[in-house]
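Commentary on secondary and tertiary structure
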Amino acid sequence: MTAPRPPPLTPTAFLQTFIAQSIKVAGQLCSLEDRERQRYIEHLGLAAASCLESAGRACQSIEAKAPLDHAHYANLIVEIKNRIGGQFQVLEHTLEHITVVNHACPFGEAVKQAPELCRMTSSVFGAIGARNFGYAKVHLSKRIAVGDSCCEARIYLDSALASDQPGDEYLAQDGAVSSELSGSEDSELQRQLGDTWCAAQHASRRKLPSLRIVAESPAMRAALHAARTVAPTDASVLITGETGVGKEVIARAIHVLSPRRDKTFVTLNCGAIPEGLVESELFGHERGAFTGACGVHQGYFERADGGTLFLDEINSLPLAAQVKLLRVLQEGAFERVGGARTQYVDVRVVAASNQDPDELLHEGRLRHDLYYRLNVVPIDIPPLRQRIDDLSALAHAILSRLAEKYGRGEKVLGPDAWRQLLAHDWPGNIRELENRLERAYLFTEGQLIERIALPEVDRSSDGVSLRELKRKAANAAESRAIRDGLRRYCGRVSAVARELGVTPRAVQQKLKSHGIKPAEYRRPEEP
């Protein structure tokens, strides 16, 4: 009989096995029944939930005591579980229930030796739900621990809707969360137990990179939601948008929210590599591969092994390199330039393009097979001129960062500066905004920034009220969004309405107010 294969020798694998074996051995030594072991784990989960919720809120920039709706709750519990090693996704959230699925247990394969550990997931989800909604019922319909291919949890947050449904119930009263299994527990005891979890969480939080992403506009919220959804998977992502809109920020968010977050995030600007060195930079080279190759050189794929490789300006890659890139994406295999031995890597690729992929395909500058491989999940980031809602929050965030960087105290924009900010078209997007605000911050003596150094054309905004300027900026963004939609859908109003989430009649009214004619965007053969 073949001996069982030992777990890989890593700290994470060791702790996973140690936890599972501890529960198993405790039951054997103390003659604990399954229910008692589950009750013990339930207590641990309830104690941890409060601190885990606080950490999850910090990751998602949600205020500590801000009320949650169903969507935010769903994203929060997924965030928490993925941070500790899961691959959770929101399958659905309705008024009746929320369903999440997971394809990688945080306890690893060892969970099959102690399936009671699943109680931790139920108690954390239930405690957070009960604390925010007063009630929660959690049903683990599928579990990796008992041989299912995935874990599936359904959470009900309304007792009336959950009365006939299976699951474990959780109630919040006087600051403490209780369940049928754990019974009522003193709130002070839960707080003391939670302090232990928070101390450990605080120590681990220092090791994780922090990301501050401003997402006030619907477009950026949609982009960030897509990033959160795809992050736990290994699906390839193609991010499109003009130069300076923040494509790398979204790519880093995908990495930080993924199971690869403890590995390397490597960035390569494909447009900055001379054409003759592209393959060497991507895949490395052997000694003597070409003149000047004095030793073995590891390429970007080898450096990113186990982590994430962000390929910016993918549209700049020569067609020959695109063929080899496709092979790595499909097989995880390549050869160094001048080498004969096949190398294997495990890399998650996030690509970005500052040009329209459809135009690149039409012009023959991007291979169709590579495009389909990269574009599993597309994320489009609109230019700053179409994200008026983000301008204010971005300006505040940048000025706060500058105050911290230079130690000169907080500075704010005056009315004239705000008028300039809202009137400018920002062709350089966020990168230009950062540059202009940094210059204004450095050259302003007091705390009030009265002017921003911008092109002379912006002087036309002098004398215009801030409210009027905001209205004009909003109208311009609305007009541009409708025109872009008509261009994409060849003048079909119904398709534009679906994309914007409004009725065709509402779009027709906007077309009339902006003087836009759909017929101008239709192809000759379109009726």
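Right above here is the structure, for reference.
Below, the structure is looked at part by part. (Residues numbered from 1 in each chain as written. Predicted model: local features only at pLDDT ≥ 70, side-chain atom pairs only at ≥ 80, totals over all residues. Heavy atoms only, no water.)

Looking at the sheet that holds strand β6 (residues 176-179)
- The 6 strands are arranged β1-β2-β4-β3-β5-β6 in an open sheet whose pairing can be described as antiparallel. Both edges of this open sheet fall to β1 (88-93) and β6, since each of them pairs with a single strand only. The mean inter-strand angle of the sheet, taken between neighbouring strand axes irrespective of direction, is 25°.
- Here 5 bridges tie β1 to strand β2 (residues 98-102), and the two strands are oriented antiparallel to one another. (Pairing = 2+ DSSP bridges. Helix = DSSP H or I, 4+ residues; strand = E, 2+ residues; numbered from the N terminus. Axes fitted to C-alpha atoms, helices over the stretch in contact; angles between N-to-C directions.)

Notes on helix α8 (residues 247-256)
- Taken across its 10 residues, α8 has 7 buried, putting it largely inside the fold.
- Listing the buried residues of α8 in full gives K247, I250, A251, A253, I254, H255 and V256. (Buried < 20%, exposed > 50% of the residue type's maximum accessible area, 1.4 Å probe, protein only.)

Observations concerning the pattern of salt bridges
- The tally for this structure, following the rule as stated, stands at 20 salt bridges.
- A salt bridge links E242 to R385; the nearest nitrogen and oxygen atoms lie 2.4 Å apart. Here E242 is found in the loop between β7 (237-240) and α8, whereas its partner R385 is found in the loop between β13 (377-380) and α14 (388-406), with 143 residues between them in sequence.
- Linking K405 and E438 is a salt bridge whose minimum nitrogen-to-oxygen distance equals 3.2 Å. With K405 in helix α14 and E438 in helix α16 (residues 429-443), the pair connects residues that are 33 residues apart, well separated along the chain.
- When its relative accessible area of 56% is taken as the criterion, K405 is described as exposed.
- Take E438: its relative accessible area is 22%, and that puts it in the partly exposed class.
- Through salt bridges with shared partners, one network takes in E53, R57 and R131. (Salt bridge = Lys/Arg side-chain N within 4 Å of Asp/Glu carboxyl O.)

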